[in-house]
Number of protein chains: 4
Amino acid sequence: MDTDTVAGWLSREDLDSARERLPIVYVEAVPVRVDDQGAVTEVGLLLRVRPDGTISQSLVSGRVWYGELVRSALMRNLEKDLGPLAFPRLPASVAPFTIAEYFPDPAVTGLVDPRQHAVSLVFVVPVTGECQPTQNALDLRWFSASEALSDAVAADMSGGQHRLVRMALAHCGVAV
Amino acid sequence: MDTDTVAGWLSREDLDSARERLPIVYVEAVPVRVDDQGAVTEVGLLLRVRPDGTISQSLVSGRVWYGELVRSALMRNLEKDLGPLAFPRLPASVAPFTIAEYFPDPAVTGLVDPRQHAVSLVFVVPVTGECQPTQNALDLRWFSASEALSDAVAADMSGGQHRLVRMALAHCGVAV
Amino acid sequence: MDTDTVAGWLSREDLDSARERLPIVYVEAVPVRVDDQGAVTEVGLLLRVRPDGTISQSLVSGRVWYGELVRSALMRNLEKDLGPLAFPRLPASVAPFTIAEYFPDPAVTGLVDPRQHAVSLVFVVPVTGECQPTQNALDLRWFSASEALSDAVAADMSGGQHRLVRMALAHCGVAV
Amino acid sequence: MDTDTVAGWLSREDLDSARERLPIVYVEAVPVRVDDQGAVTEVGLLLRVRPDGTISQSLVSGRVWYGELVRSALMRNLEKDLGPLAFPRLPASVAPFTIAEYFPDPAVTGLVDPRQHAVSLVFVVPVTGECQPTQNALDLRWFSASEALSDAVAADMSGGQHRLVRMALAHCGVAV
């Protein structure tokens, strides 16, 4: 989850209050580079401050706003995190390849968000343009598919998100 | 969407208030009967009062509660709508086959819920036991796959849900 | 299925002989145009002579050759049918959204290929460039998503392929 | 791939000849145990002689015969490998969660079958009954999901099949 400071139609107090009582809908994207036959070659990760206070490699992510379509939320968050020239190609199907369920308590699913219970729709999104990490991100780095599956990269991720990278690559036919 | 009167961890006022400001997470299930090789033979629809006040054929549906896993919400709502002896078999993957986005305004997606913006995770769920429509439902009826795809059945559904039935059957390899 | 006259590593006699004894692996693509958020707007169909002798609207399709990757077969057949400037974007996952099983006997699945038992991996493929129908195709025509779902378009397709168009659109969240 | 000695509608010579010239269609299943909410708890692997001559842990697998439906081939091979009392529950959708492409040359995809180019449709299949490894298998063993993802189990598999186990579990939301 992103440390989104933009509340989107909600005051900070209202959002905090809702977060104590309702699951919050998120979208997440695993940005990838693909070759000319569509096979994944690289995975992009953002270095940034995470909700748990660590500085970690993380996915593109953000809330779905009231009244907003999932596709629009995905595009908005991709642009927020990768800049306006990333040219992401959303999949033709709006079904996420997996659902990530985040809880404050690490014992529930292993995916942790200290702020809230979040239900996140996760997508693999090829990007073809120039990525410039923007809001909140310190850096964007591309990893080869096998690097992205390594324990070293996993150790640089927090809240269990490295598992989403592994699921995303497995979904694309890549496993070690 | 179900006319769920059980608020689940929220007072009615709090839920109403949240519904005006945040998308609400739902799960929906298209209950099916399958043959001994797993192919869909029948679709089960519930006759009940819908949020728009019509009496319509509808899917199993309900909110995901704060702190609740998607699988648990799905099981709870299947039991709520089909009774304790339906023996639903949830798929091994927690990824929904589609996402249904409901809005009060019919012009957005064609899926309508006058109460809220809902993001619904939709699953096809084989049930093997005895179904007894319970809470709020007047009747449960089984339709052959081709009946379920007919315009007659579509006319008995409201809020655009007949499209979810068609997508569910297409996902299972059935189309006319 | 395409009336592919290129045998690909096999003499015509050998292919005919194999077709009587083994299921043949095919790939098929439903070419689509998408908007800037990835949602399907149009479906492309090829007018051509089909294996059953009719002139019908049909999908991109062709055999997977011995030694050829599924992705390569898909790209080769897209180029064969849509020309070299179509710029298809293969999905990041190599899993087909459905399997189409063709038999000479229409009673088995409703998908008919008089030449063979074919197991076809079917994909939705956004194309972004200029399409020029090439080998064997008389014309390529783009239909809006709702036209593509109409009975009129279904009547112009043969061998049950209109059902694959409907499944493809349902997979992309489009149904009537 | 199984060392299937049953040729199924083909003489051994004819099958050998076809294997040199055409990709052969296979189905594979990752047998799993699930809890009462459908989540995967265990993975079943068969100890047997593989096409490469090793004795390895392997998946349920076998050819699709001429004239045979994919669902029927899957059921036939599950029964062949797990016995008649395994009670497998095939998914409602016939779309495989991934495609495995086997080649004699390990450099192509890392999935190896010395006999042939095989295109394999891979499914996760919950089994609920008593499994008795039958034809050709020396043993069937159940592994917890985390054991099944371990390097130790991977080392006991050959031809790259451990990657299919990891993809299957990722598809079901399980990754380490």
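Check the entry above for the structure.
In this text the structure is predicted, and so the values were computed from the model without any measurement. (Residues numbered from 1 in each chain as written. Chains lettered and ligands numbered in written order. Predicted model: local features only at pLDDT ≥ 70, side-chain atom pairs only at ≥ 80, totals over all residues.)

Peer 1: Report on the overall build of chain A, specifying residues and quantitative values.
Peer 2: What chain A contains, in helices and strands, is five helices and seven strands. If you list the helices and strands of chain A from N to C, you get α-β-β-β-β-α-β-β-β-α-α-α. Computed over C-alpha atoms, the radius of gyration of chain A comes to 15 Å, within 12% of the 16 Å expected from 2.2 N^0.38 for 176 residues, which places it in the range of a compact globule. Projecting the C-alpha coordinates of chain A onto the three principal axes gives extents of approximately 45 × 30 × 30 Å. For chain A, with 176 residues in total, the buried portion stands at 54%. Expressed as a percentage of contacts within chain A between residues at least 6 apart in sequence, the contacts between residues at least 24 apart total 71%. (Helix = DSSP H or I, 4+ residues; strand = E, 2+ residues; numbered from the N terminus. Rg over C-alpha atoms; globule rule 2.2 N^0.38 Å. Buried ≥ 20, exposed ≤ 12 C-beta atoms within 10 Å, placed from the backbone. Contact = placed C-beta atoms within 7 Å.)

Peer 1: A description of the nonpolar core should follow, citing residues and the corresponding values.
Peer 2: Formed by 228 residues in total, the largest nonpolar core has its most connected members in A:Leu169, B:Leu169, C:Leu169 and D:Leu169. Apart from residues no more than four positions distant in its own chain, C:Leu169 is found in contact with C:Val40, C:Ala145, C:Ala148, C:Leu149, C:Val174 and C:Ala175. (Core = buried A, V, L, I, M, F, W, Y, C linked by C-beta atoms within 7 Å.)

Peer 1: Account for the relation of the copies chain A and chain B, naming residues and giving values.
Peer 2: Of the two same-sequence chains, chain A is brought onto chain B (RMSD 0.0 Å, axial shift 0.0 Å) by a rotation of 180°. Such a combination of turn and shift is consistent with a two-fold rotation axis. An overlap of 100% is found between the interface residues of chain A and their copies at the interface of chain B, pointing to a shared contact surface. (Least-squares fit on C-alpha atoms with pLDDT ≥ 70 in both.)

Peer 1: Any chance you could break down unusual backbone geometry for me, citing the residues and the numbers?
Peer 2: We note that C:Phe87 has phi near 50°; this positive angle belongs to a residue other than glycine. You can see C:Phe87 is positioned in the loop between helix H2 (70–82) and strand S5 (98–102).

Peer 1: Provide a residue-level description of the relation of the copies chain D and chain A, including the pertinent values.
Peer 2: Rotating chain D by 180° and moving it 0.0 Å along the rotation axis overlays it on chain A with an RMSD of 0.0 Å. Most of the interface of chain D is mirrored in chain A: 100% of its interface residues are interface residues there too.

Peer 1: Residue-level account of the interface of chain A and chain B, with values.
Peer 2: Listed as interface residues are 24 residues of chain A and, on the opposing side, 24 residues of chain B. Of all the elements, strand S5 (residues 98–102) of chain A adds the most residues to the side of chain A that touches chain B, at three residues. For the side of chain A that touches chain B, the class distribution of residues is 18 nonpolar, three polar and three charged. (Nonpolar A, V, L, I, M, F, W, Y, C, P; charged D, E, K, R; others polar.)

Peer 1: Run through the environment of A:Val165, naming residues and quoting values.
Peer 2: Residue and element names in this part refer to chain A. By the element assignment, Val 165 lies in helix H5 (residues 161–171). Spatially, the C-alpha atom of Val 165 lies 14 Å from that of Ser 56, the residues being 109 residues apart in sequence. If near-sequence neighbours (up to four positions away) are discounted, Val 165 is found in contact with Val 30, Val 43 and Ala 148.

Peer 1: Let's hear about the interface of chain D and chain A: which residues, and what values?
Peer 2: Contacts between chain D and chain A engage eight residues on the former and eight residues on the latter. Looking at the side of chain D that touches chain A element by element, the count peaks at five residues for helix H5 (residues 161–171) of chain D. Classifying every residue of the side of chain D that touches chain A by side-chain character gives three nonpolar, three polar and two charged.

Peer 1: Quick one: what's the story with the packing of H5(A) against H5(D), residue by residue and with numbers?
Peer 2: Across the interface, H5(A) lies against H5(D) with an axial gap of 9 Å and an inter-helix angle of 115°. In terms of crossing hand, the pair formed by H5(A) and H5(D) is left-handed. Residues A:Arg166, A:Met167, A:Ala170 and A:His171 of H5(A) touch H5(D), and the partners they reach there are D:Arg166, D:Met167, D:Ala170 and D:His171. Taken together, the residues that form the contact of H5(A) with H5(D) break down as four nonpolar, two polar and two charged. (Axes fitted to C-alpha atoms, helices over the stretch in contact; angles between N-to-C directions. Left-handed = near helix turned anticlockwise from the far one by under 90°.)

Peer 1: Tell me about helix H2 (residues 70–82) of chain A, and name the residues and values.
Peer 2: All names here are of chain A. Along its 13 residues, H2 runs 18 Å from first to last C-alpha, staying within 8% of the 18 Å computed at 1.5 Å per residue. Among all positions of H2, only Val 70, Arg 71, Ala 73, Leu 74, Asn 77, Leu 78, Asp 81 and Leu 82 are buried. Relative to the axis of H2, the buried residues are bounded by an arc of 160° and lie together on one face. Gly 83 sits one or two positions beyond H2 and adopts a positive phi of about 90°. (Expected span 1.5 Å × (residues − 1). Arc of directions from axis to C-beta.)

Spatial relationships are all this shows, so hold off on functional conclusions.
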